[in-house]
Amino acid sequence: VYHNVMRLRPVIEYITEHYGEKTYIETLSDMVALFPDYFTKMFKDSIGKTPIDYINGIKVNHSLRLLAMTDTPVNEISDIVGFSGPNYFHKIFKAYMNTSPLAYRKSAAK
C-alpha cells in the first residue's frame, strides 16, 4: 500500500493545488500511467476513498473556511471550490456535513 500511495503522490498534490478546476479521472490516471479503472481501484485501495470522494472532500473542506470566514455568497463559493453548480454543491455539502451550507455558516458565526 505504501508503494501505491507514493505512486499516487503526484495525483494528490495535483488535486490539492487544482481542487477548484474540473478534474477528469483520465487526466489523473494519465499522470501515473494507469488505465482509469485500475487507477480508481488503486486509489480507493490506497487512500480509502474513490478519487471523486477524495476531491469532493477537499472541496467541502475549502468551502468550510469560506463559509465561516467570509460573506461570499454560497453560489460564488460553489464556483470557487469547483462544483458544477450550487445545487450539486448543496447536495455534496449536505452529504459530507449533514447540514446545509447556509446552516453551517450560521452555526460557524456563533
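Rules used in this analysis
- Residues numbered from 1 in each chain as written.
- Predicted model: local features only at pLDDT ≥ 70, side-chain atom pairs only at ≥ 80, totals over all residues.
- Heavy atoms only, no water.
- Helix = DSSP H or I, 4+ residues; strand = E, 2+ residues; numbered from the N terminus.
- Buried < 20%, exposed > 50% of the residue type's maximum accessible area, 1.4 Å probe, protein only.
- Contact = heavy atoms within 4.5 Å.
- Areas by Shrake-Rupley, 256 points an atom, 1.4 Å probe, with all protein chains shown as cover.
- Lys, Arg positive; Asp, Glu negative; His and termini not counted.
- Charge placed at Lys NZ, Arg CZ, Asp CG, Glu CD.
- 1 Å grid on protein atoms, 1.4 Å probe; cavity = no way out; pocket = protein on both sides within 12 Å on 5 of 7 lines; lining within 4 Å.
- Points joined across faces, edges and corners; volume = space filled by probe spheres on them.
- Nonpolar A, V, L, I, M, F, W, Y, C, P; charged D, E, K, R; others polar.
- Core = buried A, V, L, I, M, F, W, Y, C linked by side-chain atoms within 4.5 Å.
- Expected span 1.5 Å × (residues − 1).
- Arc of directions from axis to C-beta.

A. Spotlight on the overall build of the protein. Secondary structure summary: the protein contains seven helices and zero strands in total. Ordered by position in the sequence, the α and β elements of the protein form the string α-α-α-α-α-α-α. Expressed as a percentage of its 110 residues, the buried residues of the protein come to 38%. Excluding contacts between residues fewer than 6 apart, the proportion of contacts in the protein whose partners are at least 24 apart in sequence is 56%. Element-wise, carbon and sulfur atoms account for 55% of the exposed surface of the protein, whose accessible area totals about 6900 Å². Taken as two groups, the 13 positive and 11 negative side-chain charges of the protein have centres that lie 10 Å from each other.

B. The layout of surface pockets, seen in detail. By volume, the largest pocket amounts to about 250 Å³. Every residue lining the largest pocket is counted, 14 residues in all, and those nearest its centre are K22, T23, N56, K59 and G82. Top element by residues in the lining of the largest pocket is helix α4 (residues 51-69). It accounts for four residues. Among the residues making up the lining of the largest pocket, the classes are represented as six nonpolar, five polar and three charged.

C. Highlighting the side chain of H62. Mapping H62 onto the fold places it in helix α4. On the basis of relative accessible area, H62 is assigned to the buried category, the value being 19%. Setting aside chain neighbours within four positions, we find H62 in contact with Y19 and V81.

D. Layout of the nonpolar core. With 26 residues, the main nonpolar core has V11, I15, F39, F43 and F93 as its most contacted residues. Elements that contribute at least two residues to this core include exactly α1 (2-17), α2 (25-31), α3 (36-47), α4, α5 (74-80) and α6 (86-97). Examining the composition of this core, we find that six residues originate from one element, α4, more than from any other. Discounting residues that sit within four places of it in the chain, F43 has contacts with L8, V11, I12, I15, G48, K49, T50, P51 and Y54.

E. Geometry of the environment of L67. Along the polypeptide, L67 turns up in helix α4. As for L67 and A103, which are separated by 36 residues in sequence, their C-alpha atoms are 9.8 Å apart. When near neighbours in sequence (up to four residues on either side) are disregarded, L67 contacts V74, I77, F93, P101, Y104 and R105.

F. Representation of α3 within the structure. For α3, with 12 residues, the first-to-last C-alpha span of 16 Å sits near the 16 Å given by 1.5 Å per residue. All of the buried residues in α3 are F39, M42, F43 and S46. Down the axis of α3, the sector holding all buried residues measures 100°, keeping them to one side. For α3, the secondary structure elements touched by its buried residues are α1, α2 and α4. One or two residues past the end of α3 sits G48, with phi positive at roughly 95°.

Structural measurements only, silent on function.
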